[in-house]
Amino acid sequence: DCQEGDFRKSVAKLTFSRSGDADAVVNELSSLLTGGRLSPENKRIIVEAYNLKLPDHAAALRVAQQLIVASPEFQSTNTVRKNGAKRELPESPNPSGVPYKAMVVVMLAGGVDSFNMLVPIGDSAYGDYVEARKRVAIKKDVLLTINESFGIHPNLTSVRDL
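Every value quoted in this text rests on a predicted model; they were computed, and no experiment measured them.

**Comments concerning the pattern of salt bridges**
Pairs can form between side chains of opposite charge once their charged atoms are near each other.
Phase 1 of the analysis: Inspection of every chain in the model, using the stated rule, returns three salt bridges.
Phase 2 of the analysis: Among the ionic pairs, aspartate 123 bridges to lysine 140, the shortest N-O distance being 3.4 Å. Highlighted residues: aspartate 123 in helix α6 (residues 123-133) and lysine 140 in the loop between α6 and β2 (144-145), separated in sequence by 17 residues.
Phase 3 of the analysis: For lysine 140, a relative accessible area of 33% gives the class partly exposed.
Phase 4 of the analysis: Lysine 134 is paired through a salt bridge with glutamate 131; the nearest N and O atoms lie 3.1 Å apart.
Phase 5 of the analysis: According to the relative accessible area criterion, lysine 134 is exposed, its value standing at 53%.
Phase 6 of the analysis: Overall, the relative accessible area of 55% leaves glutamate 131 in the exposed class.

Dropping the structure here:
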């Protein structure tokens, strides 16, 4: 359900808005976001991406902002100097032959909250749920009922249909 430019479920959104000449917009964003350090090569790439999104000025501005915050000039406080040299790939380590285990942690800001994904709807269970979740509890009347005991978050119609 995530559509570009749909901010209805966002906690906040950028309110900077400009339209018009791509060079002027990218130059202003460069001043605001990188202190004017955006390299000519990166400016050219961002201006081209901006122009590809026109005539939708809002989409063009979003792509320019996204590219600038992904640039090395945004990520550092010094002037980026590209020298054209390719970095050498590091050598792969020799396998140890010892079994390897890893724990992978994925942090999802606004990701699926399992307690708000599958919600108990029986009277006492729903009361316990509301007491535990307080202000983030989902109202019973908007849940997608799957049986007499549980409902699913209203935005998860595809899960309900499984």
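**Some points on the nonpolar core**
Phase 1 of the analysis: The biggest cluster of nonpolar side chains holds twelve residues, and these are Ala22, Val25, Val26, Leu29, Leu38, Ile46, Val47, Tyr50, Ala60, Leu61, Ala64 and Ile68.
Phase 2 of the analysis: Every element with two or more residues in this core is listed here: α1 (22-34), α2 (40-53) and α3 (57-69).
Phase 3 of the analysis: Here tyrosine 50 is in contact with Arg18, Ser19, Gly20, Ala22, Val25, His57, Ala60, Leu61, Val63 and Ala64, once residues within four sequence places are set aside.
Phase 4 of the analysis: Listed in part, the seven residues of the second largest apolar core include Val119, Tyr129, Ala137 and Ile138.

**A word on α3**
Phase 1 of the analysis: For α3, which comprises 13 residues, the first-to-last C-alpha distance of 18 Å matches the rise-based estimate of 18 Å (1.5 Å per residue) to within 8%.
Phase 2 of the analysis: If you check which residues of α3 are buried, you get Ala59, Ala60, Leu61, Arg62, Val63, Ala64, Gln65 and Ile68.
Phase 3 of the analysis: Put simply, aspartate 56 is the residue that caps the front of α3, since its side-chain oxygen is 3.3 Å from the backbone nitrogen of alanine 58.

**Brief notes about a nonpolar patch on the surface**
Phase 1 of the analysis: A cluster of nonpolar side chains, Leu118, Ile146 and Phe150, forms an exposed patch at the surface whose accessible area comes to about 230 Å².
Phase 2 of the analysis: As for its position among the elements, isoleucine 146 is in the loop between β2 and β3 (150-152).

**Section: the packing of aromatic side chains**
Phase 1 of the analysis: Inspection of the entire model under this criterion finds one aromatic pair.
Phase 2 of the analysis: Judged by centre distance (5.6 Å) and plane angle (40 degrees), the ring pair of tyrosine 126 and tyrosine 129 falls under tilted. A residue pair is termed a helical-turn pair when its members lie 3 or 4 positions apart in one helix, as tyrosine 126 and tyrosine 129 do in helix α6 at three residues. With respect to burial, tyrosine 126 and tyrosine 129 carry one shared label: buried.

**Points about the side chain of asparagine 116**
Phase 1 of the analysis: Mapping asparagine 116 onto the fold places it in helix α5 (residues 114-117).
Phase 2 of the analysis: For asparagine 116, a relative accessible area of 10% gives the class buried.
Phase 3 of the analysis: There is a polar contact of 2.9 Å between the side chain of asparagine 116 and the backbone oxygen of valine 136.
Phase 4 of the analysis: Setting aside residues no more than four positions away along its own chain, asparagine 116 makes contact with Tyr129, Arg133, Val136, Ile138 and His153.

Cut-off values and rules
Residues numbered from 1 in each chain as written. Predicted model: local features only at pLDDT ≥ 70, side-chain atom pairs only at ≥ 80, totals over all residues. Heavy atoms only, no water. Salt bridge = Lys/Arg side-chain N within 4 Å of Asp/Glu carboxyl O. Helix = DSSP H or I, 4+ residues; strand = E, 2+ residues; numbered from the N terminus. Buried < 20%, exposed > 50% of the residue type's maximum accessible area, 1.4 Å probe, protein only. Core = buried A, V, L, I, M, F, W, Y, C linked by side-chain atoms within 4.5 Å. Contact = heavy atoms within 4.5 Å. Expected span 1.5 Å × (residues − 1). Polar contact = N/O pair within 3.5 Å; in protein donor to acceptor, adjacent residues only side chain to side chain. Patch = residues over 30% accessible without salt bridge, like charges linked within 9 Å, V, L, I, M, F, W, Y side chains within 5 Å. Areas by Shrake-Rupley, 256 points an atom, 1.4 Å probe, with all protein chains shown as cover. Phe/Tyr/Trp six-rings, centres within 6.5 Å; stacked < 30°, edge-to-face > 60°.

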